[in-house]
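Chain by chain, the residues:
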Amino acid sequence: MTSTFLADKRSGPGTDLPPPESVRARGRGRRRVLHWLTAVGFQLPALVLFIGMVLLPMLFALYAAFFRWGGFGMPSDYVGTDNFTDLFDNPIFLGDLWRCLVLVLLSLALQLPFALAMAVLLNQKLRGRAVYRMLFFAPYVLSEAITGVLFSMVFAPDDGLADHVLGAVGLDGLGGLWFADPSYVMATLFLVMTWKYFGFHMMLYLAGLQSIPRELTEAALIDGAGAWQRFRNVTLPLLAPTLRISVFLSVIGAIQLFDLVWVITQGGPDHHSETMAVTMFQYGFKRYQVGYASAISVVMFGICLVFALAYQRFVLRRDLEGATTTMRGDGK
Amino acid sequence: MGDPALSRRGFLAASAAAGLGMTALTGCGGDSDGGSSDGTTTVEWWNISTTEPSKSVWAALAKKFEAANPKIKIKIVQLENDAYKSKMTALTASGKLPDIFHTWGGGVLKQQVDAGLVEDLTDRTKPWADGLLKVTKEPYIYDDKVYGIPFDMGMIGFWYNKKLFQQAGVSEPPTTWGGFLEAVSKLKAKNITPIALAGKEKWPGMYYWAYLAMRTAGIDALQKASEDKDFTGAGFVEAGRHLKQLVDLQPFQKGFLNAAYSTPTGQAAAVGNGKAAMELMGQWAPSVEADAGKGLGNDLGFFPFPAVEGGKGAITEVFGGGGGHALRRGAPQAAVEFLKFFASEATELELVKKTSILPVLPNAEKAMTDPNLKLVQAQLKAATGFQLYLDQAYAPAVGQEVNDSVAALIAGSKSPEQVAQSITQTAKEEQ
């Protein structure tokens, strides 16, 4: 509604003298109908697909989550919220939540700062920086399955590349069981995730960095700001909108992590790398407990939803209100 | 207004993707279409022969069948064992199975039959299916109705490296659990990895517990436990304790917890390359060892799972299962023709010669040359009892729980008692 209102206001006569009330109302009514028809016409195909393939299945999953259902025919054995109470009694699922939190925190604390550092570095004048940018971005283009197979081999105990390299530089002691060690599987997995995804965030930051006007940094330089001060007080604030989006994508990605884990460990050893999506798959497709699996997907959806709404409300709000555009305007 | 649009779209996509996870995966089913305008029928054939030589031999058989039946086209879909099971779950849920699909029989096939998705083959295969060995047909029969046709049979046992056993001073394969543990210790003392295990895939670990349960509690107890939904009997806990004894010797290869079965760094390759002395595996083991690794040739030997002292079971009772094919309900007659072709003597002979299966036709036995497989075949024919793979014999949730909790026992996070309790609990929840 707000956008229509704004649009009308903008396209309206503005400071000119308004036309007589009746004429204006009639013209606006017709225009609005036309507006609607155009909008509906353009959106109908996408809308049909979205409702049929996204919305309805989602609602059905919500419905199925309240049944004990093996996936055959229609759900009929209503069990109320049993699936959900069982879920929050299930040590594996509680472990999933914990591991999800760990991944989110690790991503925010290590992966994104690393990506930012690389972006700042590759934003300098550097010989062959286009090559570096491409190299670092390449893993993101690789499919998750290929990455998984690749790193299963790299981290194969004894025979893998990782152990060979460590051995070659005299660090044999650091080599280990990697994915086969319950205590280190998450760390190794996080290493692979960082390799795979930091390039993407780096690209986001690079784009953000390039939209920062050079004059600002130069002005700060003239004012006598050191490198760190320039970064902290000029670059970082202006990069904030990009950072916020990148954090958002990173968190949502961690919540939904599936393919990489499935290919590399299938959640093992002994559930130590299992994620919510993997648990859902195990119950839905290995045990035929589709109702239970639906409950997991509903909880996942709930977590995503709550996070996304809260994030929009409290963090992205500043971007929505145009705080940065004002700042940029001031700068000019 | 650039940022909000982006974030809103991102949010929509993200939240949709989360909720969809479940359903999206269900969506990717295969579609098979029957006849086409020019009168040819396309039959989709799903199997799990992804390793050589089976892969090409089976493809060649399909070509041969097409040549003999110009009006029929065979479309082969090959999936790796575990991927196949997952995919079939999705297809079963969608209500439409491939025309011809691989099956192990047991509880999984029964569930598909109960859902009305599988063709009753009793009458359509009557004349020619009578000639197949009776024991091989049993996993596919419910209420005297035939739902699948076997193409091979088999059993699980230890495949071992004779040379490594000799090096460790184990002259005769052990026949008792005590002797087995002793052999493991001797191998370890010589710095030889005694056993290769694919810990990531869980089902190879289940074999140990299942066999031990057969040996301690007895075959009847396994059947009864499934019916009564109670696996807490002393025999089952004892089976877990025996397995724990073995695990405590640390007999498995380095990093076995994340090892797969048929990959170049997996269980079969470890034995095939002589890096581990034995594996507990089915009749297909020699060919996978040679495909994923180098293969052992004449150094490869076979011995049945040892008896447990004081247990109710005997060493002559076998655990295993065969491969078979079932048809989706309403599959074209061409699919039945193909089953007939696949169970024919000519096909069986070729399979026996080239892919080292154990034949389901008595006449095809003469083509067997491998002494190990002959040994397995003799074991099978002399078996005093037969138990189908637990993850196929039981309802899927129970079978998976067996796999999962035995894997936990092997990883050291569950006690023998907890394994018995977890399986019982899952069995009780399942109607």
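Counting starts from 1 at the beginning of each chain's written sequence and moves along it residue by residue. Lettering for chains starts from A, numbering for ligands starts from 1, and both go in the order in which the items are written. Confidence filtering applies because this is a predicted model: local features only for residues at pLDDT of at least 70, side-chain atom pairs given and counted only at 80 or more, and all residues used for totals across whole chains, interfaces and linings.

### Regarding the overall build of chain A
Alright, step 1. In DSSP terms, a helix is any run of H or I states spanning at least four residues, a strand is any run of E spanning at least two, and both are numbered starting from the N terminus. Helix and strand content of chain A: 15 helices and two strands.
Alright, step 2. Here, residues touch in the contact sense if the C-beta positions derived from the backbone fall within 7 Å of one another. Of the contacts made within chain A by residues no fewer than 6 positions apart, 65% connect residues no fewer than 24 positions apart.

### Quick look at the overall build of chain B
Alright, step 1. Per the secondary structure count, chain B includes 19 helices and 13 strands.
Alright, step 2. Note on method: radius of gyration uses C-alpha positions; expected globular size equals 2.2 Å times residues raised to 0.38. A globule of 431 residues ought to have a C-alpha radius of gyration of about 22 Å, and chain B, at 23 Å, matches this closely.
Alright, step 3. Seen through its C-alpha atoms, chain B measures out along the principal axes to roughly 70 × 70 × 45 Å.
Alright, step 4. Within chain B, buried positions represent 54% of all 431 residues. We call a residue exposed when 12 or fewer other C-beta atoms sit within 10 Å of its C-beta, buried when the count reaches 20 or more, and partly exposed for counts in between; the C-beta positions come from the backbone.

### Section: the interface of chain A and chain B
Alright, step 1. At the junction of the two partners, chain A supplies 49 residues and chain B supplies 37 residues.
Alright, step 2. Elements with a contribution of two residues or more to the side of chain A that touches chain B: α2 (21-64), α10 (227-256), α12 (276-286), α13 (290-314) and α14 (317-320) of chain A.
Alright, step 3. Lys, Arg, Asp and Glu make up the charged group, whereas Ala, Val, Leu, Ile, Met, Phe, Trp, Tyr, Cys and Pro make up the nonpolar group; the residues left over, Gly among them, are polar. Counted by class, the side of chain A that touches chain B contains 33 nonpolar, 10 polar and six charged residues.

### Observations regarding the packing of helix α9 (residues 203-216) of chain B against helix α11 (residues 234-248) of chain B
Residues and elements named next belong to chain B.
Alright, step 1. Interaxial angles span 0 to 180 degrees and are taken between N-to-C directions of axes, which are lines fitted to C-alpha atoms, for helices over the stretch in contact. Following both chains from N to C, one finds α9 and α11 inclined at 130°, their axes separated by 8 Å at the closest point. With respect to each other, α9 and α11 are oriented oblique. For the element pair α9 and α11, the recorded crossing hand is right-handed. Packed against α9, whose contacting residues are Y208, W209, L212, A213 and T216, the element α11 presents G235, F236, E238, A239, G240, H242 and L243 at the interface.
Alright, step 2. Of the residues belonging to the contact of α9 with α11, the class tally is seven nonpolar, four polar and one charged. The cut-offs work like this: below 35 degrees is roughly parallel, past 145 is roughly antiparallel, 65 to 115 is roughly perpendicular, and the gaps in between are oblique. By convention, the crossing between two helices is left-handed when the near helix turns anticlockwise from the far helix through less than a right angle, and right-handed when the turn is clockwise.

### Brief notes about the sheet that holds strand β3 (residues 100-103) of chain B
All names here are of chain B.
Alright, step 1. In this description, strands pair whenever DSSP reports at least two bridges between them. Sheet architecture is open: five strands sit in the order β2-β1-β3-β12-β6, paired in mixed fashion. Edge positions in the open sheet fall to β2 (72-78) and β6 (149-152), since each of these has one partner strand only. The mean angle between the axes of side-by-side strands here comes to 25°, regardless of whether they run parallel or antiparallel.
Alright, step 2. Of the strand pairs in this sheet, β3 and strand β12 (residues 323-327) are connected by four bridges, and their pairing is antiparallel. Note that in β12 the partner of I100 across the bridge is L327.

### Regarding the confidence of the model for chain B
Alright, step 1. Predicted confidence across chain B gives a mean pLDDT of 86, with 91% of residues reaching 70 or more.
Alright, step 2. Scored from 0 to 100, pLDDT records how confident the predictor is in each individual residue. Note on residues 1-35 of chain B: pLDDT is under 50 here. Beyond four places in sequence and across chains, it has 67 contacts.

### Description of the sheet that holds strand β9 (residues 276-281) of chain B
All names here are of chain B.
Alright, step 1. Within the open sheet, the four strands sit side by side as β8-β9-β7-β10. Their pairing is mixed. Sheet topology places β8 (193-195) and β10 (300-303) at the edges, where each strand pairs with a single neighbour. Ignoring strand direction, the axes of neighbouring strands in this sheet form an average angle of 20°.
Alright, step 2. Here strand β7 (residues 157-161) pairs with β9 via four bridges, running antiparallel. When the bridges of β9 are listed, F158 appears paired with L280.
Alright, step 3. Across the sheet, helix α16 (residues 371-381) is in contact with β7 and β10; its angle to β10 comes to roughly 10°.

### Quick look at the nonpolar core
Alright, step 1. Joined through C-beta atoms within 7 Å, a set of buried Ala, Val, Leu, Ile, Met, Phe, Trp, Tyr and Cys residues constitutes a nonpolar core. Counting residues in hydrophobic clusters, the biggest one holds 197 residues, and the most contacted among them are I296 of chain A together with W159, W209, A210, Y211, A213 and F338 of chain B.
Alright, step 2. Sort the elements by how many residues they give to this core and α13 of chain A lands first, with 11 residues.
Alright, step 3. Residues contacting W159 of chain B, with those up to four places away along its chain left out, are V271, M278, E279, M281, A285, P286, L300 and F302 of chain B.

### A look at helix α8 (residues 185-210) of chain A
Alright, step 1. Relative to the 38 Å expected for 26 residues at 1.5 Å per residue, α8 of chain A spans 37 Å between its end C-alpha atoms, a close match to the ideal helical length.
Alright, step 2. We define the bend at any residue as the angle between the axes fitted to the seven residues before and including it, ending there, and the seven starting there. Along α8 of chain A, the sharpest kink reaches roughly 40°, centred on Y197 of chain A. To estimate the expected span of a helix, subtract one from its residue number and multiply by 1.5 Å.

### Overview of the packing of helix α4 (residues 91-122) of chain A against α10 of chain A
All names here are of chain A.
Alright, step 1. Remark: α4 packs on α10, axes separated minimally by 9 Å, with the N-to-C direction vectors making an angle of 145°. Two packed elements cross with a definite hand, and for α4 against α10 that hand is right-handed. On α10, the residues that touch C100, L103, V104, S107, L108 and L112 of α4 are S246, V247, S250, V251, A254 and I255.
Alright, step 2. Its residues assigned to classes, the contact of α4 with α10 comprises nine nonpolar, three polar and no charged.

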